[in-house]
Amino acid sequence: MHLIVREIIEGLGFDYINPDQVICFRSEGTKSDAVHARCWSLPRIWQQALQVKPHYTLEVISEKFDSLSMADKKKLLIHELLHIPKSFKGGLRPHKGYISQKIVNELYRKLEMNQEKSKEFGIRFF
Ligand SMILES: [Zn+2]
């Protein structure tokens, strides 16, 4: 899963995101039907108190995530990565104005196109 996240960050040029500071976490046994994944931030007060850099955790719900197609997995992770603000300091972006199915689908198409291109030129991202 972290490989897919790296691939998305590099493939879409999300260069404000340091993949080493993005943690992928799998959860099991959630009761909620609606939630497939979540993006968690480490608030600044914790960064200062613990003297650590900003980190983001992308949590996926195993039972839901594993049964998705690769395309839907990527779209879900694109969605979660869009919650990370450009400042990368510990905040989170809301859905309004930043995330929609349309934006996610467009970015997914762009990702696929960029990967086709990189294959043609023999460039490997990871
Ligand atoms: Zn969301």
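Residues numbered from 1 in each chain as written. Predicted model: local features only at pLDDT ≥ 70, side-chain atom pairs only at ≥ 80, totals over all residues. Heavy atoms only, no water.

Another point: the coordination of the zinc ion. Only His79 (NE2), His83 (NE2) and His95 (NE2) from the protein reach the zinc ion as donors, at distances of 2.0 to 2.1 Å. We note that the donor set of the zinc ion lies within a single chain, spaced as H-x3-H-x11-H. Taking relative accessible area as the criterion, His79 reaches 22% and is therefore assigned partly exposed. (Donors = N, O, S within 2.8 Å, 3.2 Å for Na, K, Ca; no water. Buried < 20%, exposed > 50% of the residue type's maximum accessible area, 1.4 Å probe, protein only.)

Take the packing of helix H1 (residues 2-11) against helix H5 (residues 101-120) next. Direction vectors running N to C along H1 and H5 enclose 85°, while the axes themselves pass 10 Å from each other. By the angle between their axes, H1 is roughly perpendicular relative to H5. Between H1 and H5, the contacting residues are Glu7, Ile8 and Gly11 on the first element and Leu111, Asn114 and Gln115 on the second. Of the residues assigned to the contact of H1 with H5, the class counts are 2 nonpolar, 3 polar and 1 charged. (Axes fitted to C-alpha atoms, helices over the stretch in contact; angles between N-to-C directions. Helix = DSSP H or I, 4+ residues; strand = E, 2+ residues; numbered from the N terminus. Parallel < 35°, antiparallel > 145°, perpendicular 65-115°, else oblique. Contact = heavy atoms within 4.5 Å. Nonpolar A, V, L, I, M, F, W, Y, C, P; charged D, E, K, R; others polar.)

This part covers the side chain of Gln21. Residue position: Gln21 is located in the loop between H1 and strand S1 (22-27). Of the residues examined, Gln21 reaches a relative accessible area of 11% and is grouped as buried. Looking at Gln21, its side chain comes within polar contact range of the main-chain oxygen of Pro54, at 2.8 Å. Non-local contacts of Gln21, meaning those with residues more than four positions away in its chain, are made with Lys53, Pro54, His55, Tyr56 and Phe88. (Polar contact = N/O pair within 3.5 Å; in protein donor to acceptor, adjacent residues only side chain to side chain.)

Let us now look at the packing of H1 against helix H4 (residues 70-82). Where H1 contacts H4, the two axes come as close as 10 Å, and the packing angle between them is 65°. The element H1 and its partner H4 pack so that their crossing is right-handed. Judged by residue contacts, Ile4, Val5, Glu7, Ile8 and Ile9 of H1 engage Met70, Lys74, Leu77, Ile78 and Leu81 from H4. Taken together, the residues of the contact of H1 with H4 break down into 8 nonpolar, no polar and 2 charged. (Left-handed = near helix turned anticlockwise from the far one by under 90°.)

Right, let's talk about a nonpolar patch on the surface for a bit. Taken together, Ile45, Trp46, Leu50 and Val52 make up a surface patch of nonpolar side chains, about 410 Å² in accessible area. Following the sequence through the fold, Trp46 ends up in helix H2 (residues 44-50). Among the residues examined, Trp46 registers a relative accessible area of 48% and is labelled partly exposed. (Patch = residues over 30% accessible without salt bridge, like charges linked within 9 Å, V, L, I, M, F, W, Y side chains within 5 Å. Areas by Shrake-Rupley, 256 points an atom, 1.4 Å probe, with all protein chains shown as cover. Salt bridge = Lys/Arg side-chain N within 4 Å of Asp/Glu carboxyl O.)

Quick look at the pattern of salt bridges now. All told, the structure shown has 6 salt bridges when counted by the stated rule. Between Arg26 and Asp66 there is a salt bridge, with its nearest N and O atoms 2.4 Å apart. Separated by 40 residues along the polypeptide, Arg26 in strand S1 and Asp66 in the loop between helix H3 (62-65) and H4 bring together distant segments of the chain. The closest approach of N and O atoms between Lys102 and Glu106, which form a salt bridge, is 3.8 Å. Of the two residues, Lys102 and Glu106 are both situated in helix H5; the distance of 4 residues between them amounts to about one turn of the helix. Each of Glu7, Lys74 and Glu112 takes part in a single network of salt bridges with overlapping partners.

What is shown is where atoms sit, not what they do.
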